[in-house]
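# Structural features, examined
Each chain, letter by letter, is given below.
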Amino acid sequence: MPRGRYSLHDPHDHTPLGEEHFQCATGPSGWRYVSRITTPSGAHAGSVDLTLDDRGRPLRLELHAGDWQVRGAALDGVTWVRTDPTGEHAQEGNAAAHTFTGASPAFLIATSRLLRPALGAPATRVRLVALAPPVLAPRTLDQSWAMLSSEAHPTDSGPLVVETYQVNDLETGDQQQVHLAGDVVLAAPGTELEDLESPPSTFT
């Protein structure tokens with residue numbers, strides 16, 4: 001069960017945004033990721049609880065940022081309920097999208113599991129509902145994913161397979177590379193893996 005810490009920063013000017021302390025685990029029915037997010041000063045800033053089924057679809061998402069909360073799942077596309085800070089005006093939403101995305105590295109793992117692009121295959125298009133802090137307002141966007149490389153690196157506990165993906169925002173043209181090893185993000189724009197207590201899990 002991987003457990004570790006990501007540092008989060010603005011991908012454009014590298015301003016520190018805080019840290020995400022996480023643990024995740026694979027199982028016969030899918031994958032679960034839980035984390036708590038802190039500000040640069042160490043104050044609590046939010047949390048993520050995401051469960052995927054064995055096909056990479058979101059069975060359950062619970063996302064907190066400040067006083068805002070979103071709960072969602074794959075249902076008629078994706079469906080969610082967003083609750084305001086007072087708790088009085090919960091809003092339901094639905095979109096013809098494949099899955100969710102957001103600031104957490106968990107969503108990069110989730111999208112790669114859903115698409116499973118093959119090395120050398122054409123880029124795969126995906127529609128996502130983005131939930132960004134600080135208010136978790138939903139926004140639909142389209143990306144394309146393509147696997148650029150898959151390399152095995154020797155370690156004390158056996159080979160570590162690192163996969164590199166090209167991720168393009170189809171609206172803005174923004175391009176980024178994401179480096180994954182099993183169910184851990186090694187590096188991505190705005191994300192650096194700072195600490196890992198055990199090796200990444202391998203998806204079957």
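Per an unreviewed UniProt entry, the chain goes by the name Glycolipid-binding domain-containing protein and belongs to Streptomyces boncukensis.

## Digging into the overall build of the chain
Assigned secondary structure in the chain consists of 1 helix and 15 strands. In terms of overall size, the chain behaves like a compact globule, its C-alpha atoms giving a radius of gyration of 16 Å where 204 residues would be expected to give roughly 17 Å. Projecting the C-alpha coordinates of the chain onto the three principal axes gives extents of approximately 55 × 40 × 40 Å. Taking all 204 residues of the chain together, 44% fall into the buried category. Considering only contacts within the chain whose residues lie at least 6 apart along the sequence, 38% involve residues at least 24 apart. Accessible surface computed for the chain: about 10500 Å², of which carbon and sulfur atoms make up 50%. In the chain, 14 side chains carry a positive charge and 25 a negative one; their mean positions are 7 Å apart.

## Remarks on the side chain of Ser-35
Checked against the element boundaries, Ser-35 lands in strand 3 (residues 30–38). Within the structure, Ser-35 has its side chain in polar contact with the side chain of Glu-20 (distance 2.8 Å). Once residues within four sequence positions are removed from consideration, Ser-35 is found in contact with Glu-20, His-21, Phe-22, Ser-47 and Val-48.

## Details of the packing of aromatic side chains
Enumeration over the complete set of coordinates arrives at 6 aromatic pairs. Centre to centre, the rings of Trp-31 and Phe-203 are 6.2 Å apart; their planes meet at 65°, and the pair counts as edge-to-face. In this pair, Trp-31 is assigned in strand 3 and Phe-203 in the segment after strand 15 (191–196), connecting sequence segments 172 residues apart. Seen from their ring centres, Trp-80 and Phe-100 are 6.4 Å apart, and the 80° between their planes marks the pair as edge-to-face. Of the two residues, Trp-80 is situated in strand 7 (residues 78–83) and Phe-100 in strand 9 (residues 99–102); the sequence distance between them amounts to 20 residues. Across this residue pair, the class does not change: Trp-80 and Phe-100 are buried. A cation over a ring is seen here: Arg-113 above Phe-203, with NZ or CZ 4.0 Å from the ring centre.

## A look at the layout of surface pockets
Roughly 1300 Å³ of volume is contained in the largest pocket. Lining the largest pocket are 47 residues, and of these Pro-11, Gly-102, Ala-103, Ala-132 and Pro-189 sit closest to its centre. When residues in the lining of the largest pocket are grouped by element, the largest group, 5 residues, is from strand 11 (residues 137–153). Residues that form the lining of the largest pocket fall into these classes: 25 nonpolar, 17 polar and 5 charged. Of the volumes computed, that of the second largest pocket is approximately 450 Å³. Taken together, 23 residues make up the lining of the second largest pocket; nearest its centre are Val-161, Ala-181, Gly-182, Ser-201 and Thr-202. Looking at the lining of the second largest pocket, the elements with two or more residues in it are helix 1 (106–115), strand 12 (160–169) and strand 13 (175–181). Tallying contributions element by element places strand 12 first for the lining of the second largest pocket, with 4 residues. For the lining of the second largest pocket, the residue count by class is 13 nonpolar, 7 polar and 3 charged.

## Digging into the pattern of salt bridges
All told, the structure shown has 9 salt bridges when counted by the stated rule. Residue Glu-19 pairs with Arg-5 through a salt bridge whose shortest N-O separation is 2.8 Å. Highlighted residues: Glu-19 in strand 2 (residues 16–27) and Arg-5 in strand 1 (residues 3–9), separated in sequence by 14 residues. With relative accessibility at 25%, the residue Glu-19 sits in the partly exposed group.

## Overview of the confidence of the model for the chain
Looking at the chain as a whole, its pLDDT mean stands at 95, while 100% of the residues score no less than 70. The secondary structure element of the chain with the lowest average pLDDT is strand 2, at 95, and the one with the highest is strand 9, at 98.

Scoring rules and cut-offs
Residues numbered from 1 in each chain as written. Predicted model: local features only at pLDDT ≥ 70, side-chain atom pairs only at ≥ 80, totals over all residues. Heavy atoms only, no water. Helix = DSSP H or I, 4+ residues; strand = E, 2+ residues; numbered from the N terminus. Rg over C-alpha atoms; globule rule 2.2 N^0.38 Å. Buried < 20%, exposed > 50% of the residue type's maximum accessible area, 1.4 Å probe, protein only. Contact = heavy atoms within 4.5 Å. Areas by Shrake-Rupley, 256 points an atom, 1.4 Å probe, with all protein chains shown as cover. Lys, Arg positive; Asp, Glu negative; His and termini not counted. Charge placed at Lys NZ, Arg CZ, Asp CG, Glu CD. Polar contact = N/O pair within 3.5 Å; in protein donor to acceptor, adjacent residues only side chain to side chain. Phe/Tyr/Trp six-rings, centres within 6.5 Å; stacked < 30°, edge-to-face > 60°. Lys NZ or Arg CZ within 6 Å of the ring centre and 35° of its normal. 1 Å grid on protein atoms, 1.4 Å probe; cavity = no way out; pocket = protein on both sides within 12 Å on 5 of 7 lines; lining within 4 Å. Points joined across faces, edges and corners; volume = space filled by probe spheres on them. Nonpolar A, V, L, I, M, F, W, Y, C, P; charged D, E, K, R; others polar. Salt bridge = Lys/Arg side-chain N within 4 Å of Asp/Glu carboxyl O. pLDDT = per-residue confidence, 0-100.

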